[in-house]
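Structure at a glance
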Amino acid sequence: MKRPTRWNVLITTAAVVMIGLVLGGSFGGWGDRQSAIVPFASPAEAASGSPELFAPVAEVLRHPRCMNCHPRGDRPRQTDQRHLHLQNVVRGIDGMGFVNARCNACHRDENNSFTGVPGAPNWHLAPLSMGWEGLDDAALCTTLKDEKANGGKSIAALVEHMEKDALVLWGWAPGGDLKPVSTPHPEFMTKLKAWAGAGAPCPQSK
Amino acid sequence: MPISFTVNGAKRTVDVDPETPLLWVLRDDLKLTGTKFGCGAALCGACNVHLDGEAVRSCQIQLQDAAGRDVTTIEGVTGNVAKAVQDAWIKLDVVQCGYCQTGQVMAAIGLLTQIAKPSDDDIDKAMDGNLCRCNTYHRIRLAIHEAAKTLPG
């Protein structure tokens, strides 16, 4: 067999790299490469405490079903388009609306199949300290874990909240035309617990 | 299955689909037509009633939500706040066509019951969900302030 020349090796290596890049879909920029890495929260990653474990959690927290009621102002948002809540609804002193426009004036304990208005027990806005809009992953993670901001919830309590709270679970069964959270709840819990089990590491701000 | 609740102080029982909007039950079954249908989507406030003393949109409240609870409609409002609102509404001749006014009055009573001396900002927040195509907003605001003058607090 003819021995390969240095030039042959160089061309072959370049071709392999190019094929790898194409098959890997890595021409979409840095952001795409990040998102391609994130979903694979292996036990090894969990054990390493990789800050990337938070990325799939953040993806869920940013879904309209969650984010609409975690505003950083006084007005909640609505629908998949996330427009400001109609009727000029505001949070009020307890996060459940102002006089005459209390959340439960319309949002009851279950989705209203007749009118399409969504509902779940204890419908309310998250406290202002848990406003998430506009936060990058690092700030979102830090805020989520801050017991002064999150109502005194430990990491274990946060996991339980996202596993069992009826209003949180509504995000996966919103009814009507509303899109459920895109990551299935069991899959989300696996990723959330992987993050929590690794010590709830937060990524660095970019 | 029959569902019982109190309407304007009287126990009422109806046997309709428990998911029927309370507005339908009030108007069609109990013949209390003072409460108006405006939009059916919680956008206009014309259907406001009080459920255990708090204003709610009866077009969004299912009958089963009212089971065992107290519903007050425009036909049944009583007390010093309701009287103050009624007097102010008449004094300032607030109403034009009147279609939205049931909801406006129920909302005004709800506001003044909880905030006896509301600021303009309080009125904006509490009344924002009540639409009036005759544009009587200016007189509604004045009437709420007028009613507040006669209330302790």
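Residue numbering note: each chain is counted from 1, following its sequence as written. Key to labels: chains lettered from A, ligands numbered from 1, both in the order written. With the structure being a predicted model, the display of local features is reserved for residues of pLDDT at least 70 and the display and counting of side-chain atom pairs for 80 or more, all residues being used for whole-chain, interface and lining totals. Note that the side-chain values use all heavy atoms of the structure and ignore hydrogens as well as water.

**Side note on the domain arrangement of chain B**
Residue and element names in this part refer to chain B. What counts as a domain boundary in this text is fixed by an automatic or database domain assignment. Assigned domains of chain B: these are domain 1 (3–76) and domain 2 (80–149). The contact criterion used throughout is that any non-hydrogen atoms of two residues lie within 4.5 Å. Facing 17 residues of domain 1, the contacting portion of domain 2 comprises twelve residues. For the pair domain 1 and domain 2, the summed buried surface comes to about 1,100 Å²; carbon and sulfur atoms form 57% of the total. Within this document, salt bridges are pairs made up of a side-chain nitrogen of Lys or Arg and a carboxyl oxygen of Asp or Glu, the two lying within 4 Å of each other. Connecting domain 1 to domain 2 are zero salt bridges. The definition of a polar contact used here is a pair of N or O atoms within 3.5 Å, where within protein one atom must be able to donate a hydrogen and the other to accept one, and adjacent residues in sequence count solely through side-chain atom pairs. Across the contact surface, domain 1 and domain 2 share six residue pairs in polar contact (both at pLDDT 80 or more). Breaking the side of domain 1 that touches domain 2 down by element, the ones donating at least two residues are strand E3 (48–51) and strand E4 (54–57). Starting at the N terminus, helices and strands are each numbered in turn, a helix being any DSSP run of H or I of at least four residues and a strand any DSSP run of E of at least two. If one sorts the elements of the side of domain 1 that touches domain 2 by residue count, E3 sits on top with three residues. Taken together, the residues of the side of domain 1 that touches domain 2 break down into six nonpolar, eight polar and three charged. The term buried area refers to how much accessible surface (probe radius 1.4 Å) is lost by two components on association, counted for both of them together. For this classification, the nonpolar set comprises Ala, Val, Leu, Ile, Met, Phe, Trp, Tyr, Cys and Pro, the charged set comprises Asp, Glu, Lys and Arg, and every other residue, Gly included, is treated as polar.

**Some thoughts on the pattern of salt bridges**
All names here are of chain A. What the rule picks out here adds up to 17 salt bridges over all chains. The residue Arg62 makes a salt bridge to Asp137 at a minimum N-O spacing of 2.7 Å. Of the two residues, Arg62 is situated in the loop between helix H4 (55–61) and helix H5 (64–67) and Asp137 in helix H6 (residues 137–145); the sequence distance between them amounts to 75 residues. Among the salt bridges present, the one from Lys191 reaches Glu187, with a minimum N-O distance of 3.0 Å. On the criterion of helical spacing, the pair formed by Lys191 and Glu187 is a turn pair, its members being four residues apart in helix H9 (residues 185–197). For Lys191, a relative accessible area of 14% puts it in the buried group. Among the ionic contacts, a cluster of salt bridges with common partners joins Arg77, Arg82 and Glu133. Only protein chains enter the accessibility calculation, which uses a 1.4 Å probe; a residue is then buried when its area is under 20% of its type maximum, exposed when over 50%, and partly exposed in between.

**Overview of helix H4 (residues 101–114) of chain B**
All names here are of chain B. In this scheme, a helix's expected span is set at 1.5 Å multiplied by one less than its residue total. Its 14 residues give H4 an end-to-end C-alpha distance of 20 Å, which sits within 8% of 20 Å, the value for a rise of 1.5 Å per residue. Here H4 lies mainly inside the structure; twelve of its 14 residues are buried. The set of residues buried in H4 consists of Gln101, Thr102, Gly103, Gln104, Val105, Met106, Ala107, Ala108, Ile109, Gly110, Leu111 and Leu112. Against E3, strand E5 (70–72), helix H3 (80–91), helix H5 (120–127) and helix H6 (137–149) lie the buried residues of H4.

**Considerations on the pairing of strand E2 (residues 10–14) of chain B**
Residues and elements named next belong to chain B. For two strands to pair, DSSP has to find at least two bridges joining them. Two elements, strand E1 (residues 3–7) and E2, share five bridges in a ladder whose sense is antiparallel. The residue bridging Phe5 from the neighbouring strand is Arg12, located in E2. A loop of two residues connects E1 with E2, the two strands running antiparallel in sequence, and Asn8 in this loop sits at a positive phi of about 50°.

**A closer look at a nonpolar patch on the surface**
On the surface, a cluster of nonpolar side chains totalling about 400 Å² of accessible area is made up of Phe114 of chain A together with Trp24, Phe37 and Tyr99 of chain B. The class of Tyr99 of chain B is partly exposed, set by a relative accessible area of 41%. Patches were defined on residues exceeding 30% relative accessible area and lacking a salt bridge, with like-charge contacts within 9 Å and nonpolar side-chain contacts (Val, Leu, Ile, Met, Phe, Trp, Tyr) within 5 Å. Working definition of accessibility: Shrake-Rupley area with a 1.4 Å probe, residue cover restricted to the visible protein chains.

**Focus on the packing of aromatic side chains**
For this analysis, a ring pair means two rings from Phe, Tyr or Trp (six-membered ring only for Trp) whose centres lie within 6.5 Å, classed as stacked if their planes differ by under 30 degrees, edge-to-face if by over 60, and tilted for the remaining angles. As enumerated under the stated definition, the model contains five aromatic pairs over all chains in all. Here Phe54 of chain A and Trp195 of chain A contribute two aromatic rings whose centre-to-centre distance is 5.2 Å and whose plane-to-plane angle is 50°, an arrangement assigned as tilted. Of this pair, Phe54 of chain A sits in the loop between helix H3 (43–48) and H4 while Trp195 of chain A sits in helix H9, placing them 141 residues apart in sequence. Assigned by exposure class, Phe54 of chain A and Trp195 of chain A land together as buried. Considering the side-chain rings of Trp123 of chain A and Trp170 of chain A, the 4.8 Å spacing of their centres and the 75° angle between planes classify their relative orientation as edge-to-face. Here the residue Trp123 of chain A occupies a position in the loop between strand E4 (101–102) and H6, and Trp170 of chain A occupies one in helix H8 (residues 166–170), the gap between them amounting to 47 residues. Clustering of aromatic rings is evident, with ring pairs tying together Phe114 of chain A together with Trp24 and Phe37 of chain B.

**Section: the side chain of His107 of chain A**
Residue and element names in this part refer to chain A. On the secondary structure map, His107 appears in the loop between E4 and H6. Separated by 2.7 Å, the side chain of His107 and the backbone oxygen of Pro118 make a polar contact. Setting aside residues up to four positions removed in sequence, His107 forms contacts with His85, Val117, Pro118 and Trp123.

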